[in-house]
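As a plain string of letters, each chain reads:
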Amino acid sequence: MNIGSHYKLYHFIPWTRMKIYKMLILSVIPTVLFYFMDWKWLAIPWVPVALLGTAAAFISGFKNTQTYNRSWEARQIYGAIINNSRNLGILVRDFIRMDDKVQEQAMHQQIIYRHFAWLTALRFQLRETKSWEHVKTKGYNKEFLRYYEVPEWKGKLDEELINFLRDDELRYVLSTKNRATQIIALQSAQLRELNEAGQISAYNYTALENQFKELYDQQGKCERIKNFPYPRQFSSINLYFTNALCFLLPLGFLGEFSKMIDKFGDHIVWLTVPFSILLGWVFLVLEQIGESTENPFEGNANDIPITQISRNIEIDLREILGEKELPPAIQPVNNIVM
């Protein structure tokens, strides 16, 4: 997530420079043929270009709206995870009571630390790369990775989980496919043992189980966004319409500027190049921005900062446990926080 006031041009222009090169080629070639080879037939009326531009603008606007909705929904889900995590910390501290205060504190810590393990496993799962994601396959995204790092790609899950789980739990969790799911299952199993041992009342047991149910719900919503891409048919038609428009733009501008030759001379047609680059760049960038927003967990600079959110939750819950040695908050790098 970018926390600056806006992307600077020295970041944004290089990120989109391939679009500029593309429009430069698409505009220079027909202009050269029109001017030097006298291919007057390349000049077409503006009406079909305008009609195609209207369709391209409509479908680009639709895509950007839907991809923004995916991103905003992901942020809302993690907002709910924050709230549920805080609720869980308070309920564990106040509902689970034992005569031995040292044993009680150890039990609170075990359950809360297991929750840290769930947060860790979930973010590692969400950062896994899917075939339809773009951050590692598109050149402009790979280049932008030099401005930030994705912690889940640098670290290893087992090395982080070892700080939160017992050895037997760690071995079991790492042997499963959906690690986050099994960690909550371990939480529920321990609550049942506490209830059967009379160390937690039925009411308190139900309240705590409901917290884990809510966390399961939020995990499932994250997995839905992660595992279901923006529909490929809409993504494809947006790409086709935009590229068709960029191909026709120079021809339409040639048609318009050729009408001014008698008044301004032949050189007026060279204005086709800058105008085509500018307008084509606008449509291509709209398509690229929508593409970079549609997968809010992939590791893109515009992603939901799940690493930072998880660390903030950890700090809050450690304070609820009464701990004084807290991990540092995640700081932005080049105004980007993951």
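Right above here is the structure, for reference.
Read on for an overview of the structure. None of the values given here were measured: they were computed from a predicted structure.

## A look at helix H8 (residues 167-174)
So, point 1. Every buried residue of H8 is accounted for by Glu169, Leu170 and Val173. Seen along its axis, H8 keeps its buried residues to an arc of 100°; they face one direction. Exposed and facing more than 90 degrees away from the buried side of H8 are Asp167 and Arg171.

## Digging into the pattern of salt bridges
So, point 1. Counted by the stated rule, this structure contains 22 salt bridges.
So, point 2. For the salt bridge of Asp38 with Lys40, the shortest nitrogen-to-oxygen distance reads 3.1 Å.
So, point 3. For Arg123, the salt bridge is made with Glu160, and the minimal N-O distance between the two is 2.6 Å. A residue pair is termed long-range when its members are at least 10 positions apart, and Arg123 in helix H4 (residues 101-126) and Glu160 in helix H7 (residues 157-161) qualify at 37 residues.
So, point 4. Here the residues in one salt-bridge network are Arg123, Arg127, Glu152, Glu160 and Asp303, joined through shared partners.

## Observations concerning the nonpolar core
So, point 1. Tyr78, Ile81, Ile96, Trp118, Leu194, Leu208 and Phe297 are the most contacted members of the largest nonpolar core, which has 47 residues in total.
So, point 2. Broken down by secondary-structure element, the contributors of at least two residues to this core are helix H3 (46-95), H4, H7, H8, helix H9 (179-196), helix H10 (202-227) and helix H14 (306-320).
So, point 3. Ranked by residue count, the leading element in this core is H4, at 12 residues.
So, point 4. Excluding its chain neighbours within four sequence positions, the residues that come into contact with Phe297 are Ala74, Tyr78, Leu126, Arg127, Cys222, Ile225, Lys226, Asp303, Ile304 and Ile306.
So, point 5. Of all hydrophobic cores here, the second largest spans 15 residues; its members include Leu254, Ile268, Val269 and Phe283.

Calculation notes
Residues numbered from 1 in each chain as written. Predicted model: local features only at pLDDT ≥ 70, side-chain atom pairs only at ≥ 80, totals over all residues. Heavy atoms only, no water. Buried < 20%, exposed > 50% of the residue type's maximum accessible area, 1.4 Å probe, protein only. Helix = DSSP H or I, 4+ residues; strand = E, 2+ residues; numbered from the N terminus. Arc of directions from axis to C-beta. Salt bridge = Lys/Arg side-chain N within 4 Å of Asp/Glu carboxyl O. Core = buried A, V, L, I, M, F, W, Y, C linked by side-chain atoms within 4.5 Å. Contact = heavy atoms within 4.5 Å.

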